[in-house]
Amino acid sequence: MRLLFQMDQRDYDQCTHTFTRNSARSIIIRDGKVAMIHSLKYDYYKFPGGGIENGENPIEAMIRETREEAGLVVIPESVIEYGYVHRIQRSDMDATECFIQDNYYYLCKAMDQLTSQQLDDYEAQESYRLEFVEPLVAISKNRNVKNSPYQLMFEREARVLEILIADELLK
């Protein structure tokens with residue numbers, strides 16, 4: 001899978017150990033719009049997806065997380081590797097810990113009919129909602145969120161959208 005870009009904070013020189021938590025995300029495009037999760041509480045967009053659990057491969061995680069967060073049922077035969085983003089930084093929780101994450105993105109199609117969301121507590125508190133959004137709207141929204149611990153995630157998603165546009169997958 002191709003490396004889309006790296007997000008290296010270079011703030012981990014005091015780290016003595018690492019924690020790795022990889023994730024997998026879906027890219028579902030319909031009529032020039034992309035399926036994204038809109039946090040109504042904090043007003044940002046993210047691709048459906050999340051952490052890869054033990055014993056799960058990235059595609060299985062992406063399919064599961066897309067169904068849980070968005071209610072979209074991915075068609076397994078449609079899944080195509082798109083790329084990944086490598087992130088490395090000092091942990092927010094422990095100054096001696098280095099956080100490493102590869103975020104895998106997959107182009108795919110989903111069934112038209114939605115299922116009900118199965119949100120974790122924090123996802124429900126953020127009022128996650130599926131939206132098919134114009135890419136430039138999501139990019140602008142994410143780059144204008146202020147005072148959030150998720151700034152790197154917002155920028156990551158905006159940059160992936162820009163690459164999709166550059167690759168002429170979103171116009």
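Our subject is the structure that appears above.
Residues numbered from 1 in each chain as written. Predicted model: local features only at pLDDT ≥ 70, side-chain atom pairs only at ≥ 80, totals over all residues. Heavy atoms only, no water.

**Student:** Residue-level account of the overall build of the chain, with values.
**Tutor:** When you go through the chain residue by residue, the secondary structure sums to four helices and ten strands. Along its sequence from the N terminus, the chain presents helices and strands in the succession β-β-β-β-β-β-β-α-β-β-α-β-α-α. Taken over C-alpha atoms, the radius of gyration comes to 16 Å for the chain, in line with the 16 Å a tight globule of 171 residues would show. Projected onto its principal axes, the C-alpha positions of the chain cover 50 × 35 × 35 Å. Expressed as a percentage of the 171 residues in the chain, the buried residues total 46%. Sequence-distant contacts, at least 24 apart, represent 74% of the contacts inside the chain between residues at least 6 apart. (Helix = DSSP H or I, 4+ residues; strand = E, 2+ residues; numbered from the N terminus. Rg over C-alpha atoms; globule rule 2.2 N^0.38 Å. Buried < 20%, exposed > 50% of the residue type's maximum accessible area, 1.4 Å probe, protein only. Contact = heavy atoms within 4.5 Å.)

**Student:** Pulling in residues and values, what's your account of the environment of leucine 72?
**Tutor:** Tracing the sequence through the fold places leucine 72 in the loop between helix 1 (58–70) and strand 8 (80–90). Look at leucine 72 and you get buried, because its relative accessible area is 0%. As a C-alpha pair, leucine 72 and lysine 109 span 37 residues in sequence and 9.2 Å in three-dimensional space. Among residues more than four places away in sequence, those in contact with leucine 72 are Ile28, Arg30, Ala35, Thr66, Arg67, Ala110, Met111, Leu114 and Leu130.

**Student:** Go over a nonpolar patch on the surface with me, naming the residues and quoting the values.
**Tutor:** On the surface, a nonpolar cluster with roughly 300 Å² of combined accessible area is contributed by Tyr42, Tyr122 and Tyr150. For tyrosine 42, the location among the structural elements is in the loop between strand 5 (33–39) and strand 6 (44–46). The exposure class assigned to tyrosine 42 is partly exposed, which follows from its relative accessible area of 40%. (Patch = residues over 30% accessible without salt bridge, like charges linked within 9 Å, V, L, I, M, F, W, Y side chains within 5 Å. Areas by Shrake-Rupley, 256 points an atom, 1.4 Å probe, with all protein chains shown as cover. Salt bridge = Lys/Arg side-chain N within 4 Å of Asp/Glu carboxyl O.)

**Student:** Tell me about unusual backbone geometry, and please be specific about residues and values.
**Tutor:** Positioned with a positive phi, arginine 10 is a non-glycine residue whose angle comes to about 50°. Here arginine 10 falls in the exposed class, since its relative accessible area comes to 65%. If you check the backbone angles, aspartate 43 has positive phi at about 60° while not being a glycine.

**Student:** With reference to specific residues and values, describe the pattern of salt bridges.
**Tutor:** A full pass over the atoms with the stated rule returns twelve salt bridges. Between arginine 30 and aspartate 112 there is a salt bridge whose closest N-O contact spans 3.9 Å. Highlighted residues: arginine 30 in strand 4 (residues 29–30) and aspartate 112 in the loop between strand 9 (97–107) and helix 2 (121–125), separated in sequence by 82 residues. On the basis of relative accessibility, which here comes to 26%, the residue arginine 30 falls in the partly exposed class. Judged by its relative accessible area of 70%, aspartate 112 is exposed. Of the charged contacts in the structure, one is a salt bridge between lysine 46 and glutamate 69, with a shortest N-O distance of 2.9 Å.

**Student:** Can you break down the packing of aromatic side chains residue by residue, with the values?
**Tutor:** Scanning the model with the defined rule gives five aromatic pairs in all. Note on tyrosine 44 and phenylalanine 154: the rings are 4.6 Å apart at their centroids and 40° apart in plane angle, and the pair reads as tilted. In this pair, tyrosine 44 is assigned in strand 6 and phenylalanine 154 in helix 4 (residues 151–166), connecting sequence segments 110 residues apart. Relative accessible area serves as the criterion here: at 1%, tyrosine 44 is assigned to the buried category. Phenylalanine 154 sits in the buried class, given a relative accessible area of 1%. Sitting over the face of the ring of tyrosine 82, arginine 2 holds its NZ or CZ atom 4.8 Å from the ring centroid. Of note, arginine 159 hangs over the ring of phenylalanine 5, and the distance from its end group to the ring centre comes to 3.9 Å. (Phe/Tyr/Trp six-rings, centres within 6.5 Å; stacked < 30°, edge-to-face > 60°. Lys NZ or Arg CZ within 6 Å of the ring centre and 35° of its normal.)

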